[in-house]
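Now for the letters of each chain:
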Amino acid sequence: MFKSKRRLATLILGSLVSLSLLVTGCGNNTASNAGNTASSGNLTVLKVGASAKPHAEILEHIKPELAKQGIDLQIQVYNDYVIPNTALDAGEIDANFFQHKPYLDTFCKDRNLKLVSLGQVHLEPMGLYSKKAAKVDELPSGNTIAIPNDPSNSGRALAVLEKAELIKLKDGVGVNGTVQDIVSNPKNFKITMIDAAQLPRVLDDPKTAGAVINTNFALEGGLNPKDALTIEVAKDNPYSNIIAVKENRKDDPNLQKLMQALRSDDVKKFIEDKYQGSVLPSF
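Turning next to the packing of aromatic side chains. Enumeration according to the criterion identifies six aromatic pairs in this entry. Each member of the aromatic cluster is reached from another via a ring pair, and the members are Tyr-81, Phe-98, Tyr-103, Phe-107 and Phe-217.

Quick look at the structure:
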C-alpha cells in the first residue's frame, strides 16, 4: 500500500518536472522568435519594396543566389511612388527599388527623411506614347499631353517633350523645368499632370494625344517601349533606378549582398535578354 503510494507520488512528481521543462522550453523558443523576427528558418529575411515591372522581376531573378548566401528575399510590390519610401522610413521594409536618385533626394528633402542610395541598377528610359499618332509630328493640335505629377519626373518629362521639339522651356532649366517654364507651345498642347501609375490609362481618352510615361508603368500598362514616339537614351542619364535604404543601415552586410547580386554579370545579362533595350543596365 505504502509502496504503491510512493510509486504514484514519484510518477506525479516526474510528470510535473517534465511538464515544467516543456513549458520552460516553449517559453525560451517564444522569446527567441520574438527577438529574431528577421529570420526564417536558417535564412535571414530581407524585405524589399518594389514596383512590379521590371524591379520585382529583377529581384525575383536574384532570389536563388541570395538564398545561397543565407538571405530569404521577400518582395513587397507597390504601385505608387510614395508608400515605398514611407514604409522604408518606418522600418516596415529593409530597402526599396523603384526610384531614381533625383526623386529620392526631393522626397527626403520635402519630408525630412534620412534615406540614401546604395547604388544604381538600371535605367528605365522615359518615353512619349500615343494611340492617336505614329509619329511625333502627327500628334493632334490642341489635345492633352499627360506627364507625371511628381516634381522630379514632371521636369524630366518636359525635357522629353522639348527634345521632341513639341515645346520649348526657359533656357537653363533642364530637367528641373515646370509647366510654367514653357515659353513656346506651337501646337497648343494642354500639359496635364497625372499620377504616374495612371498614365497608360489616359491614352484611351479621346482628347489625350499622348503621355510621357516611365518604362516600368508603360510595361505594366501593356505598352512596348519600342513603340514610343521618342524615348530617352542611357548615355549620361542621371535617372538610373537605385536601391534605397535607411542611412543608418547603409553598411548592413545583408544589404550589401543584395546590392552585389543586383550588379552582377548575371543580372546584366538578364536585363539585356529579357527587356531587349527597354530597360538598360547601369553598371
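Moving on from the model shown.
What follows covers the packing of helix H2 (residues 52-68) against helix H9 (residues 265-275). For the pair H2 and H9, the least separation of the axes is 11 Å and the interaxial angle reads 135°. Here H2 lies oblique to H9, going by the angle between them. As for how H2 packs across H9, the hand of that crossing is right-handed. Contact residues: H2 offers Pro-54, Glu-57, Ile-58, His-61 and Ile-62, while H9 offers Asp-266, Val-267, Phe-270, Ile-271, Lys-274 and Tyr-275. Among the residues forming the contact of H2 with H9, the class breakdown is seven nonpolar, one polar and three charged.

What follows deals with the pattern of salt bridges. Counted under the stated rule, the structure contains eight salt bridges. Glu-232 is the partner of Arg-156 in a salt bridge, and the nearest nitrogen-oxygen pair spans 2.6 Å. Pair noted here: Arg-156 is in helix H5 (residues 151-163) and Glu-232 is in the loop between strand E12 (230-231) and strand E13 (241-246), with a separation of 76 residues, a long-range link. By relative accessible area, which is 14% here, Glu-232 ends up buried. As a salt-bridge pair, Asp-181 and Lys-170 come within 3.7 Å of each other at their nearest N and O atoms. Of this pair, Asp-181 sits in the loop between strand E8 (168-169) and strand E9 (182-184) while Lys-170 sits in the loop between E8 and E9, and the two are eleven residues apart along the sequence. With relative accessibility at 43%, the residue Lys-170 sits in the partly exposed group.

In this section: the sheet that holds E12. Pairing is mixed in the open sheet, where five strands are placed in the order E10-E7-E11-E6-E12. One side of each edge strand has no neighbouring strand; the edge strands of this open sheet are strand E10 (190-194) and E12. Where strand E6 (residues 127-129) and strand E11 (residues 208-213) come together, three bridges link them in antiparallel fashion. Among the inter-strand pairings, Tyr-129 is bridged to a residue of E11, identified as Ala-211. Seen against the sheet, H5 touches E6, strand E7 (144-148), E10, E11 and E12 and runs at an angle of roughly 140° to E7.

Further remarks concern helix H4 (residues 101-111). All of the buried residues in H4 are Tyr-103, Leu-104, Phe-107 and Cys-108. Looking down the long axis of H4, one finds its buried residues gathered within 125° of arc, a one-sided arrangement. Of the exposed residues in H4, the ones pointing more than 90 degrees away from its buried face are Lys-109 and Asp-110. Residues of H4 that are buried make contact with helix H3 (83-89), strand E4 (95-100), strand E5 (115-123), H5 and E13.

Thresholds applied
Numbering of residues starts from 1 in each chain and follows the order in which that chain's sequence is written. At least 70 in pLDDT is required for a residue's local features to be given in this predicted model, at least 80 for side-chain atom pairs to be given and counted, and no such filter applies to totals for whole chains, interfaces and linings, which use all residues. With hydrogens and water excluded, all non-hydrogen atoms of the structure serve as input to the side-chain values. Two rings from Phe, Tyr or Trp (for Trp, the six-membered ring) form a pair when their centres are within 6.5 Å of each other. A pair whose planes differ by under 30 degrees is stacked, one over 60 is edge-to-face, and the rest are tilted. Lines are fitted to the C-alpha atoms to define the axes, a helix being fitted only along its stretch in contact, and any angle between axes, read from their N-to-C directions, falls within 0 to 180 degrees. A run of DSSP states H or I qualifies as a helix once it reaches four residues; a run of E qualifies as a strand once it reaches two. Both are numbered from the N-terminal end. Roughly parallel means an angle under 35 degrees; roughly antiparallel, over 145; roughly perpendicular, 65 to 115; everything else is oblique. Take the far helix as your reference; a near helix turned counterclockwise from it by less than a right angle gives a left-handed crossing, and one turned clockwise gives a right-handed crossing. What makes two residues a contact is simply this: any of their non-hydrogen atoms within 4.5 Å. Think of it as three bins: nonpolar holds Ala, Val, Leu, Ile, Met, Phe, Trp, Tyr, Cys and Pro, charged holds Asp, Glu, Lys and Arg, and polar takes everything else, Gly as well. Put simply, a salt bridge is a Lys or Arg side-chain nitrogen that is within 4 Å of an Asp or Glu carboxyl oxygen. Note on classification: 1.4 Å probe, protein chains only; a residue is buried when its accessible area is under 20% of the maximum for its type, exposed when over 50%, partly exposed between these limits. In this scheme, strands are said to pair when DSSP sees at least two bridges between them. Directions from the helix axis toward the C-beta atoms define the arc.

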